[in-house]
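Next come the chains, spelled out residue by residue.
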Amino acid sequence: MWPAVGWPTGGARLAQPVADVCQTELVMGTVFIVLAIVLVLVLVAGVLLAPRARRRGRPAGGGPGAGPAAAGSAAPAPAPSVVEVPPAPAGGPGPLATVAEKPPPSAGRMAKLRGRLAKSQSAFGTALLSVLSSGRVDDAAWEEIEGILIGADMGVGPAAHMVERLRTEVKVAGTRDLGDVRAMLRADLLEQVGPDLDRSLRTGPHGDGPAVVLVVGVNGTGKTTTCGRLARVLIGDGGTVLLGAADTFRAAAADQLETWAGRVGASVVRADRDGADPASVAFESVSEGVAAGVDTVIVDTAGRLHTKTGLMDELGKIKRVIEKRATVDEVLLVLDATTGQNGLRQARVFAEVVDITGIVLTKLDGTAKGGIVVAVQRELGVPVKLVGLGEGPDDLAPFEAEAFVDALIGS
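Residues numbered from 1 in each chain as written. Predicted model: local features only at pLDDT ≥ 70, side-chain atom pairs only at ≥ 80, totals over all residues. Heavy atoms only, no water.

## With respect to the pairing of strand E6 (residues 358–362)
Here is step 1: With five of five residues buried, E6 is to be regarded as a mostly interior element.
Here is step 2: Covered by surrounding structure in E6 are Gly358, Val360 and Thr362 together with Ile359 and Leu361, the residues of both alternating faces.
Here is step 3: Across five bridges, strand E5 (residues 330–336) lies against E6 in parallel orientation. Residue valine 334 lies in a different strand from E6, and its bridge partner there is valine 360. (Buried < 20%, exposed > 50% of the residue type's maximum accessible area, 1.4 Å probe, protein only. Helix = DSSP H or I, 4+ residues; strand = E, 2+ residues; numbered from the N terminus. Pairing = 2+ DSSP bridges.)

Right, dumping it as C-alpha coordinates:
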(Lines give C-alpha, C1' and ligand atoms only; values in the text may rest on other atoms or scores of the structure.)
Protein backbone atom coordinates (compact mmCIF):
# COMPACT_ATOMS: atom_id res chain seq x y z
CA MET A 1 0.00 0.00 0.00
CA TRP A 2 1.12 3.47 -0.75
CA PRO A 3 2.03 5.50 2.19
CA ALA A 4 -0.39 8.34 3.08
CA VAL A 5 2.26 11.00 2.57
CA GLY A 6 0.86 14.55 2.09
CA TRP A 7 -2.70 13.55 2.56
CA PRO A 8 -4.66 13.97 5.79
CA THR A 9 -5.68 10.98 7.57
CA GLY A 10 -9.38 10.13 7.93
CA GLY A 11 -9.62 11.77 11.41
CA ALA A 12 -7.96 14.90 10.17
CA ARG A 13 -10.29 15.09 7.21
CA LEU A 14 -13.32 14.99 9.57
CA ALA A 15 -12.00 17.67 12.01
CA GLN A 16 -11.43 20.28 9.35
CA PRO A 17 -15.09 20.67 8.22
CA VAL A 18 -16.20 20.79 11.85
CA ALA A 19 -13.78 23.63 12.60
CA ASP A 20 -15.01 25.50 9.54
CA VAL A 21 -18.61 25.21 10.65
CA CYS A 22 -17.80 26.45 14.17
CA GLN A 23 -15.89 29.39 12.80
CA THR A 24 -18.80 30.31 10.54
CA GLU A 25 -21.30 30.09 13.40
CA LEU A 26 -19.07 32.31 15.54
CA VAL A 27 -18.91 34.96 12.83
CA MET A 28 -22.65 34.84 12.26
CA GLY A 29 -23.33 35.10 15.99
CA THR A 30 -21.10 38.16 16.19
CA VAL A 31 -22.90 39.70 13.23
CA PHE A 32 -26.28 39.07 14.84
CA ILE A 33 -25.10 40.62 18.12
CA VAL A 34 -23.82 43.70 16.28
CA LEU A 35 -27.09 44.00 14.34
CA ALA A 36 -29.09 43.65 17.54
CA ILE A 37 -27.03 46.37 19.23
CA VAL A 38 -27.49 48.66 16.22
CA LEU A 39 -31.23 47.99 16.20
CA VAL A 40 -31.49 48.77 19.91
CA LEU A 41 -29.53 51.99 19.41
CA VAL A 42 -31.81 53.02 16.53
CA LEU A 43 -34.91 52.34 18.58
CA VAL A 44 -33.56 54.27 21.57
CA ALA A 45 -32.55 57.17 19.35
CA GLY A 46 -36.02 57.21 17.80
CA VAL A 47 -37.69 57.32 21.19
CA LEU A 48 -35.47 60.16 22.36
CA LEU A 49 -35.59 62.25 19.22
CA ALA A 50 -39.27 61.85 18.25
CA PRO A 51 -40.74 64.14 20.99
CA ARG A 52 -38.25 66.86 20.09
CA ALA A 53 -39.18 66.58 16.47
CA ARG A 54 -42.86 66.84 17.38
CA ARG A 55 -42.22 69.86 19.61
CA ARG A 56 -40.27 71.59 16.86
CA GLY A 57 -43.08 70.93 14.43
CA ARG A 58 -45.94 72.00 16.77
CA PRO A 59 -47.54 75.30 15.71
CA ALA A 60 -47.39 78.35 17.97
CA GLY A 61 -50.05 78.42 20.65
CA GLY A 62 -50.15 74.62 21.03
CA GLY A 63 -51.93 73.01 23.88
CA PRO A 64 -50.75 73.09 27.44
CA GLY A 65 -47.65 71.06 28.24
CA ALA A 66 -45.79 71.84 25.00
CA GLY A 67 -42.10 71.98 25.85
CA PRO A 68 -39.54 74.43 24.47
CA ALA A 69 -37.79 73.66 21.19
CA ALA A 70 -34.25 72.32 21.30
CA ALA A 71 -31.42 74.81 21.01
CA GLY A 72 -30.65 75.69 17.41
CA SER A 73 -34.12 74.71 16.21
CA ALA A 74 -36.58 76.91 14.33
CA ALA A 75 -37.31 80.47 15.56
CA PRO A 76 -39.54 80.65 18.65
CA ALA A 77 -43.29 81.10 18.14
CA PRO A 78 -44.64 84.68 18.45
CA ALA A 79 -46.06 85.69 21.85
CA PRO A 80 -49.87 85.68 22.16
CA SER A 81 -51.71 88.99 21.81
CA VAL A 82 -51.97 90.89 25.08
CA VAL A 83 -55.31 92.23 26.36
CA GLU A 84 -54.77 95.38 28.37
CA VAL A 85 -56.27 95.37 31.86
CA PRO A 86 -57.25 98.38 33.95
CA PRO A 87 -54.45 99.66 36.16
CA ALA A 88 -54.72 98.35 39.71
CA PRO A 89 -52.26 97.78 42.53
CA ALA A 90 -50.81 94.32 43.02
CA GLY A 91 -53.42 91.95 44.33
CA GLY A 92 -56.28 94.23 43.32
CA PRO A 93 -59.07 93.18 40.98
CA GLY A 94 -58.73 93.87 37.31
CA PRO A 95 -61.05 92.53 34.60
CA LEU A 96 -60.06 92.28 30.99
CA ALA A 97 -60.69 95.57 29.28
CA THR A 98 -60.01 97.64 26.23
CA VAL A 99 -57.47 100.44 26.22
CA ALA A 100 -58.66 103.03 28.71
CA GLU A 101 -59.48 106.56 27.62
CA LYS A 102 -59.20 109.75 29.63
CA PRO A 103 -62.67 111.14 30.42
CA PRO A 104 -63.18 114.90 30.57
CA PRO A 105 -63.40 116.54 34.01
CA SER A 106 -66.80 117.23 35.54
CA ALA A 107 -66.35 120.98 35.87
CA GLY A 108 -68.73 122.92 33.64
CA ARG A 109 -70.63 119.90 32.37
CA MET A 110 -74.00 121.33 33.37
CA ALA A 111 -73.28 124.56 31.49
CA LYS A 112 -72.24 122.59 28.40
CA LEU A 113 -75.45 120.57 28.53
CA ARG A 114 -77.63 123.60 29.27
CA GLY A 115 -78.66 124.03 25.65
CA ARG A 116 -79.90 120.45 25.47
CA LEU A 117 -81.93 120.93 28.63
CA ALA A 118 -83.34 124.24 27.43
CA LYS A 119 -84.68 122.66 24.23
CA SER A 120 -86.70 120.09 26.15
CA GLN A 121 -87.91 122.41 28.91
CA SER A 122 -88.58 125.61 26.96
CA ALA A 123 -92.37 125.03 26.85
CA PHE A 124 -92.51 125.32 30.64
CA GLY A 125 -90.83 128.72 30.85
CA THR A 126 -92.53 130.01 27.71
CA ALA A 127 -96.01 129.26 29.05
CA LEU A 128 -95.31 131.01 32.35
CA LEU A 129 -93.77 134.06 30.76
CA SER A 130 -96.57 134.27 28.23
CA VAL A 131 -99.20 134.51 30.97
CA LEU A 132 -97.23 136.83 33.22
CA SER A 133 -96.41 139.32 30.46
CA SER A 134 -99.82 139.34 28.79
CA GLY A 135 -101.16 142.23 30.85
CA ARG A 136 -104.03 140.02 31.98
CA VAL A 137 -102.98 139.07 35.47
CA ASP A 138 -106.29 138.31 37.13
CA ASP A 139 -107.50 135.37 39.20
CA ALA A 140 -107.99 133.27 36.08
CA ALA A 141 -104.43 133.97 34.98
CA TRP A 142 -103.00 132.97 38.34
CA GLU A 143 -104.99 129.75 38.27
CA GLU A 144 -103.56 129.06 34.82
CA ILE A 145 -100.04 129.66 36.11
CA GLU A 146 -100.64 127.30 39.02
CA GLY A 147 -101.92 124.68 36.58
CA ILE A 148 -98.75 125.04 34.49
CA LEU A 149 -96.56 124.49 37.55
CA ILE A 150 -98.54 121.45 38.70
CA GLY A 151 -98.45 120.06 35.16
CA ALA A 152 -94.66 120.40 35.29
CA ASP A 153 -94.61 117.86 38.17
CA MET A 154 -93.76 120.50 40.75
CA GLY A 155 -96.47 119.32 43.09
CA VAL A 156 -99.54 121.07 44.43
CA GLY A 157 -97.94 122.51 47.58
CA PRO A 158 -94.85 124.05 45.94
CA ALA A 159 -96.93 125.32 43.01
CA ALA A 160 -99.42 127.10 45.28
CA HIS A 161 -96.60 128.64 47.32
CA MET A 162 -94.80 129.92 44.24
CA VAL A 163 -97.95 131.39 42.69
CA GLU A 164 -98.82 133.24 45.89
CA ARG A 165 -95.34 134.72 46.07
CA LEU A 166 -95.27 135.77 42.41
CA ARG A 167 -98.70 137.27 42.70
CA THR A 168 -97.59 139.45 45.61
CA GLU A 169 -94.37 140.53 43.91
CA VAL A 170 -96.05 141.54 40.66
CA LYS A 171 -98.71 143.46 42.53
CA VAL A 172 -96.17 145.31 44.66
CA ALA A 173 -93.91 146.12 41.71
CA GLY A 174 -96.84 147.14 39.53
CA THR A 175 -94.97 146.09 36.40
CA ARG A 176 -95.77 144.25 33.20
CA ASP A 177 -92.27 144.51 31.78
CA LEU A 178 -91.12 141.13 30.48
CA GLY A 179 -87.61 141.58 31.83
CA ASP A 180 -88.87 142.36 35.33
CA VAL A 181 -91.34 139.47 35.29
CA ARG A 182 -88.63 137.07 34.09
CA ALA A 183 -86.32 138.17 36.90
CA MET A 184 -89.05 137.59 39.50
CA LEU A 185 -89.85 134.18 38.05
CA ARG A 186 -86.18 133.21 38.02
CA ALA A 187 -85.68 134.23 41.64
CA ASP A 188 -88.73 132.30 42.81
CA LEU A 189 -87.84 129.16 40.84
CA LEU A 190 -84.29 129.30 42.14
CA GLU A 191 -85.57 129.46 45.71
CA GLN A 192 -87.79 126.44 45.10
CA VAL A 193 -84.89 124.46 43.57
CA GLY A 194 -82.70 125.29 46.55
CA PRO A 195 -79.42 126.93 45.55
CA ASP A 196 -78.00 126.58 49.07
CA LEU A 197 -78.47 122.80 49.37
CA ASP A 198 -75.29 120.77 49.77
CA ARG A 199 -75.02 118.89 46.50
CA SER A 200 -71.45 117.71 46.95
CA LEU A 201 -70.69 114.02 46.49
CA ARG A 202 -68.65 112.36 49.22
CA THR A 203 -66.46 110.28 46.94
CA GLY A 204 -62.99 110.90 48.37
CA PRO A 205 -61.11 108.33 50.47
CA HIS A 206 -61.05 108.79 54.21
CA GLY A 207 -59.12 107.12 56.97
CA ASP A 208 -57.66 103.92 55.61
CA GLY A 209 -60.47 103.11 53.18
CA PRO A 210 -62.29 104.32 50.09
CA ALA A 211 -65.56 106.18 49.88
CA VAL A 212 -68.46 103.80 49.25
CA VAL A 213 -71.35 104.83 46.98
CA LEU A 214 -74.44 102.58 46.93
CA VAL A 215 -76.67 103.09 43.87
CA VAL A 216 -80.33 102.02 44.15
CA GLY A 217 -83.52 102.33 42.12
CA VAL A 218 -86.25 100.49 40.26
CA ASN A 219 -85.82 98.65 36.98
CA GLY A 220 -85.35 100.72 33.86
CA THR A 221 -84.23 103.99 35.45
CA GLY A 222 -80.69 103.81 34.06
CA LYS A 223 -79.10 102.68 37.32
CA THR A 224 -76.22 100.63 35.89
CA THR A 225 -75.54 103.26 33.24
CA THR A 226 -75.40 105.86 36.00
CA CYS A 227 -72.76 103.77 37.81
CA GLY A 228 -70.62 103.69 34.69
CA ARG A 229 -71.06 107.37 34.00
CA LEU A 230 -70.27 108.30 37.58
CA ALA A 231 -67.06 106.28 37.35
CA ARG A 232 -66.15 108.35 34.26
CA VAL A 233 -66.84 111.59 36.15
CA LEU A 234 -64.65 110.58 39.09
CA ILE A 235 -61.80 109.24 36.96
CA GLY A 236 -61.99 112.35 34.78
CA ASP A 237 -61.40 114.35 37.96
CA GLY A 238 -58.30 112.27 38.75
CA GLY A 239 -59.73 109.61 41.06
CA THR A 240 -59.52 105.80 41.04
CA VAL A 241 -62.68 103.70 41.04
CA LEU A 242 -63.76 100.09 41.63
CA LEU A 243 -67.21 99.00 40.45
CA GLY A 244 -69.10 96.32 42.38
CA ALA A 245 -71.61 94.33 40.29
CA ALA A 246 -74.07 93.43 43.05
CA ASP A 247 -76.91 93.15 40.53
CA THR A 248 -76.60 89.37 40.36
CA PHE A 249 -80.09 88.78 38.96
CA ARG A 250 -79.32 90.30 35.57
CA ALA A 251 -76.23 88.83 33.93
CA ALA A 252 -75.99 91.70 31.47
CA ALA A 253 -75.56 94.16 34.34
CA ALA A 254 -72.10 92.84 35.27
CA ASP A 255 -71.09 92.71 31.60
CA GLN A 256 -72.32 96.27 31.18
CA LEU A 257 -70.23 97.44 34.14
CA GLU A 258 -67.16 95.70 32.73
CA THR A 259 -67.64 97.53 29.45
CA TRP A 260 -67.83 100.88 31.26
CA ALA A 261 -64.80 99.99 33.37
CA GLY A 262 -62.76 99.00 30.35
CA ARG A 263 -63.29 102.41 28.77
CA VAL A 264 -61.84 104.35 31.67
CA GLY A 265 -59.46 101.99 33.47
CA ALA A 266 -61.61 101.04 36.45
CA SER A 267 -61.83 97.60 38.07
CA VAL A 268 -64.88 95.39 38.54
CA VAL A 269 -65.76 92.77 41.13
CA ARG A 270 -68.50 90.40 40.02
CA ALA A 271 -69.95 87.04 41.00
CA ASP A 272 -68.82 83.89 39.20
CA ARG A 273 -72.42 82.80 38.66
CA ASP A 274 -75.86 84.30 38.19
CA GLY A 275 -78.09 84.53 41.23
CA ALA A 276 -75.25 84.81 43.74
CA ASP A 277 -75.87 86.58 47.03
CA PRO A 278 -75.71 90.30 46.20
CA ALA A 279 -74.72 91.24 49.75
CA SER A 280 -71.67 88.98 49.47
CA VAL A 281 -70.66 90.61 46.20
CA ALA A 282 -71.08 94.06 47.72
CA PHE A 283 -68.96 93.09 50.74
CA GLU A 284 -66.25 91.60 48.53
CA SER A 285 -66.25 94.72 46.35
CA VAL A 286 -65.59 96.96 49.34
CA SER A 287 -62.92 94.57 50.67
CA GLU A 288 -61.16 94.57 47.30
CA GLY A 289 -61.41 98.35 47.17
CA VAL A 290 -59.74 98.64 50.56
CA ALA A 291 -56.98 96.20 49.55
CA ALA A 292 -56.39 97.92 46.22
CA GLY A 293 -56.33 101.40 47.75
CA VAL A 294 -58.85 102.95 45.36
CA ASP A 295 -60.53 106.27 46.10
CA THR A 296 -64.13 105.19 45.49
CA VAL A 297 -66.14 101.96 45.38
CA ILE A 298 -69.43 102.23 43.48
CA VAL A 299 -71.85 99.35 44.18
CA ASP A 300 -74.59 98.69 41.65
CA THR A 301 -77.66 96.90 43.01
CA ALA A 302 -80.44 94.98 41.33
CA GLY A 303 -83.38 97.00 40.09
CA ARG A 304 -86.35 96.25 42.28
CA LEU A 305 -89.98 97.27 42.36
CA HIS A 306 -90.73 99.45 45.34
CA THR A 307 -93.86 97.36 45.92
CA LYS A 308 -91.90 94.13 46.53
CA THR A 309 -91.25 93.94 50.27
CA GLY A 310 -88.77 91.04 50.06
CA LEU A 311 -86.54 92.76 47.56
CA MET A 312 -86.60 96.00 49.52
CA ASP A 313 -85.58 94.13 52.68
CA GLU A 314 -82.67 92.63 50.75
CA LEU A 315 -81.52 96.12 49.84
CA GLY A 316 -81.36 96.98 53.52
CA LYS A 317 -79.32 93.83 54.09
CA ILE A 318 -76.78 94.87 51.42
CA LYS A 319 -76.20 98.17 53.17
CA ARG A 320 -75.84 96.52 56.59
CA VAL A 321 -73.33 93.97 55.27
CA ILE A 322 -71.23 96.67 53.61
CA GLU A 323 -71.14 98.63 56.86
CA LYS A 324 -69.39 95.70 58.53
CA ARG A 325 -66.40 96.55 56.35
CA ALA A 326 -66.66 100.28 55.65
CA THR A 327 -68.89 103.32 55.94
CA VAL A 328 -71.47 103.88 53.21
CA ASP A 329 -70.82 107.51 52.30
CA GLU A 330 -73.52 108.00 49.66
CA VAL A 331 -76.78 106.25 48.85
CA LEU A 332 -77.90 107.58 45.49
CA LEU A 333 -81.46 106.94 44.36
CA VAL A 334 -81.78 106.90 40.56
CA LEU A 335 -85.16 108.15 39.31
CA ASP A 336 -86.48 108.38 35.79
CA ALA A 337 -87.50 112.03 35.52
CA THR A 338 -90.22 111.17 32.99
CA THR A 339 -92.21 109.12 35.53
CA GLY A 340 -93.41 112.19 37.44
CA GLN A 341 -95.47 111.47 40.54
CA ASN A 342 -94.85 107.73 40.26
CA GLY A 343 -91.19 108.49 40.80
CA LEU A 344 -92.10 110.24 44.02
CA ARG A 345 -93.91 107.15 45.30
CA GLN A 346 -90.81 105.09 44.53
CA ALA A 347 -88.64 107.58 46.37
CA ARG A 348 -90.77 107.39 49.52
CA VAL A 349 -90.43 103.60 49.80
CA PHE A 350 -86.70 103.54 49.12
CA ALA A 351 -86.16 106.26 51.72
CA GLU A 352 -87.83 104.04 54.32
CA VAL A 353 -85.37 101.18 53.69
CA VAL A 354 -82.06 103.00 53.23
CA ASP A 355 -81.01 106.53 54.13
CA ILE A 356 -81.01 108.30 50.77
CA THR A 357 -78.32 111.00 50.58
CA GLY A 358 -78.90 112.21 47.04
CA ILE A 359 -81.04 111.91 43.92
CA VAL A 360 -79.91 111.17 40.38
CA LEU A 361 -82.50 112.28 37.82
CA THR A 362 -82.07 110.55 34.48
CA LYS A 363 -83.70 111.32 31.11
CA LEU A 364 -84.19 114.95 32.10
CA ASP A 365 -83.57 116.00 28.50
CA GLY A 366 -86.58 114.14 27.11
CA THR A 367 -90.26 114.52 27.93
CA ALA A 368 -89.50 115.06 31.62
CA LYS A 369 -90.86 118.17 33.28
CA GLY A 370 -88.47 120.32 35.28
CA GLY A 371 -90.76 120.61 38.28
CA ILE A 372 -89.81 117.08 39.36
CA VAL A 373 -86.58 118.53 40.78
CA VAL A 374 -88.55 120.68 43.22
CA ALA A 375 -91.03 117.92 44.07
CA VAL A 376 -88.56 115.15 44.85
CA GLN A 377 -86.34 117.39 46.95
CA ARG A 378 -89.36 118.57 48.92
CA GLU A 379 -90.60 114.99 49.36
CA LEU A 380 -87.34 113.46 50.60
CA GLY A 381 -85.55 116.45 52.06
CA VAL A 382 -82.41 115.50 50.12
CA PRO A 383 -80.94 117.28 47.11
CA VAL A 384 -80.73 116.31 43.47
CA LYS A 385 -76.99 115.80 43.03
CA LEU A 386 -76.67 114.48 39.48
CA VAL A 387 -78.73 114.71 36.31
CA GLY A 388 -78.64 112.67 33.11
CA LEU A 389 -79.12 114.83 30.05
CA GLY A 390 -78.61 112.46 27.13
CA GLU A 391 -77.45 109.05 25.94
CA GLY A 392 -73.72 109.76 25.67
CA PRO A 393 -71.08 108.51 28.13
CA ASP A 394 -70.40 112.03 29.40
CA ASP A 395 -74.02 113.18 29.68
CA LEU A 396 -74.13 112.85 33.46
CA ALA A 397 -73.53 116.19 35.15
CA PRO A 398 -73.41 117.53 38.70
CA PHE A 399 -76.63 119.42 39.27
CA GLU A 400 -76.25 123.21 39.30
CA ALA A 401 -79.36 125.07 40.43
CA GLU A 402 -78.73 128.34 38.59
CA ALA A 403 -77.86 126.70 35.27
CA PHE A 404 -80.97 124.51 35.57
CA VAL A 405 -83.34 127.41 36.24
CA ASP A 406 -81.83 129.48 33.44
CA ALA A 407 -82.43 126.59 31.05
CA LEU A 408 -86.05 126.28 32.21
CA ILE A 409 -87.00 129.88 31.49
CA GLY A 410 -84.61 130.44 28.61
CA SER A 411 -82.44 133.07 30.28
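That covers the picture; the talk isn't over yet.
## A short note on helix H6 (residues 178–193)
Here is step 1: Its 16 residues give H6 an end-to-end C-alpha distance of 22 Å, which sits within 8% of 22 Å, the value for a rise of 1.5 Å per residue.
Here is step 2: Of the residues making up H6, those classed as buried are Val181, Met184, Leu185, Asp188, Leu189, Leu190, Gln192 and Val193.
Here is step 3: Of the residues trailing H6, glycine 194 is marked for its positive phi of about 90°. (Expected span 1.5 Å × (residues − 1).)

## Thoughts on a nonpolar patch on the surface
Here is step 1: Taken together, the side chains of Ile33, Ile37 and Leu41 present a nonpolar region at the surface, about 310 Å² in accessible area.
Here is step 2: Within the secondary structure, isoleucine 33 sits in helix H1 (residues 10–57).
Here is step 3: A relative accessible area of 53% places isoleucine 33 in the exposed class. (Patch = residues over 30% accessible without salt bridge, like charges linked within 9 Å, V, L, I, M, F, W, Y side chains within 5 Å. Areas by Shrake-Rupley, 256 points an atom, 1.4 Å probe, with all protein chains shown as cover. Salt bridge = Lys/Arg side-chain N within 4 Å of Asp/Glu carboxyl O.)

## Regarding unusual backbone geometry
Here is step 1: With a phi angle near 70°, aspartate 153 is a residue other than glycine that sits in the positive phi range.
Here is step 2: Inspection of the secondary structure assignment puts aspartate 153 in the loop between helix H4 (139–151) and helix H5 (156–173).
Here is step 3: Phi angles above zero are rare outside glycine, and lysine 363 is one such case at about 60°.
Here is step 4: Looking at where lysine 363 falls in the secondary structure, it is placed in the loop between E6 and helix H12 (371–380).
Here is step 5: We classify lysine 363 as partly exposed; its relative accessible area is 35%.

## Focus: the sheet that holds strand E7 (residues 384–388)
Here is step 1: With mixed pairing, the eight strands of this open sheet are ordered in space as E3-E2-E4-E1-E5-E6-E7-E8. The sheet terminates laterally at strand E3 (267–269) and strand E8 (396–398), the two strands that pair on one side only. Averaged over all pairs of adjacent strands, the angle between their axes in this sheet comes to 25°, without regard to strand direction.
Here is step 2: Across the sheet, helix H9 (residues 278–292) is in contact with strand E1 (211–216), strand E2 (241–246), E3 and strand E4 (296–301); its angle to E2 comes to roughly 165°.
Here is step 3: Its contacts with the sheet put H12 on E5, E6 and E7, and the angle it makes with E6 is roughly 155°. (Axes fitted to C-alpha atoms, helices over the stretch in contact; angles between N-to-C directions. Contact = heavy atoms within 4.5 Å.)

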